[in-house]
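A look at the structure
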Amino acid sequence: MQSKAATVAEYIASLPADRREALAAIRKVILANLDKGYEEGMSYGGIGYFVPHSTYPAGYHCDPKQPLPYAGIASQKNHMCLYLFCLYNEAGELRTFVKEWTATGKKLDMGAACVRFKSLDAVPLDVVGRAIKRATLKKFLGHYEKNILTMNKAGGAAAERSAARKKTSKKAAKAPAKKAVKKKVTRR
C-alpha cells in the first residue's frame, strides 16, 4: 500500500496507532545505527533510507533517477515490512541476520526483499540494529558495485551468446539448402 505522504512525519501520522508505534520504534533503531552518508525520506510509498545522488551519482541501477536504496519500512494492507536491501548485496550478512533473528525464537517471515511482521513484538529490534550498524556506507557501496559489475559481466556474456546464436541462425537461414543425395541401393 503506497502512501501519498510527502514527508516521513506525514507518513507516520497517517498510520493507525499500533502501526505508528511499531514503525516509529523500528525507525528509531534504524536512525540510531545508521552510518553517516545515508539519508531518510519518502521512497517507494514508504519510509526509505538511501544513498543520495550527491554521494552516489549513478543512483539505483534499476532506475538511475532514484537514489540507491539501503533499507525501508512500510505499512502494507495485511502486514508491515522491513526492507533490508543492505543484506541482499552480501550473502554473509544475510546469513548472519537470519541466524541472529531465528536465535531469538521469533518467527522470521522473509521474502525476496523484505521481512513481514504484524506487530512490534515480532521484531527483535537488537538484531535489526546490528544489521544496520554492520552495513556501513563503504561496505554497502563496495558490495553493491561488486554485484552490479558481476551482473553486468553476466549480462554482457549472455548478450554476446545471444548475439552469436542469432548470427549463426541467420547464416543458416541464408545458406542454400543442401540437396539430398540419393544413394543407389543394390540388391543381391
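Notes on the structure follow. (Residues numbered from 1 in each chain as written. Predicted model: local features only at pLDDT ≥ 70, side-chain atom pairs only at ≥ 80, totals over all residues. Heavy atoms only, no water.)

Considering the sheet that holds strand β6 (residues 115-117)
Put simply, the rule reads: We call two strands paired when DSSP finds no fewer than two bridges between them. The way it works is that DSSP assigns letters per residue, a run of H or I at least four long becomes a helix, a run of E at least two long becomes a strand, and they are numbered from the N terminus.
If you walk across this open sheet you meet the six strands as β1-β2-β3-β4-β6-β5, and the pairing is antiparallel. A single partner strand is all that each edge strand has here, and the edge strands are β1 (39-43) and β5 (109-110). Here β1 pairs with strand β2 (residues 46-51) via five bridges, running antiparallel. Each residue of the ladder has a partner; that of Ser43, found in β2, is Gly46.

So, the pattern of salt bridges
Note the cut-off: When a carboxyl oxygen of Asp or Glu is within 4 Å of a side-chain nitrogen of Lys or Arg, the pair counts as a salt bridge. Throughout this description, buried means an accessible area under 20% of the type-specific maximum (1.4 Å probe, protein chains only), exposed means over 50%, and partly exposed covers the range between.
Counting across every chain of the model gives seven salt bridges. Here Arg130 and Glu100 are joined by a salt bridge, their closest N and O atoms 3.3 Å apart. One end of the pair, Arg130, is in helix α5 (residues 125-134); the other, Glu100, is in helix α4 (residues 91-103), and 30 residues separate them in sequence. Here Arg130 falls in the partly exposed class, since its relative accessible area comes to 36%. Through salt bridges with shared partners, a single network forms among Glu93, Glu100, Asp126, Arg130, Arg134 and Lys139.

Quick look at the pairing of β2
Counting buried positions along β2 yields six of six residues, so the element is predominantly enclosed. As defined by bridge partners, β2 adjoins strand β3 (residues 68-75) across five bridges and the pair is classed as antiparallel. Across the sheet, Gly48 pairs through a bridge with Gly72, a residue of β3.

Details of the pairing of β3
Counting buried positions along β3 gives eight out of eight residues, so the element sits mostly inside the fold. When β3 meets strand β4 (residues 80-83), the two strands line up antiparallel, connected through four bridges. Following the sheet pairing, Gly72 is matched in β4 by Tyr83. Counting the residues between successive antiparallel strands, the hairpin from β3 to β4 contains four residues.

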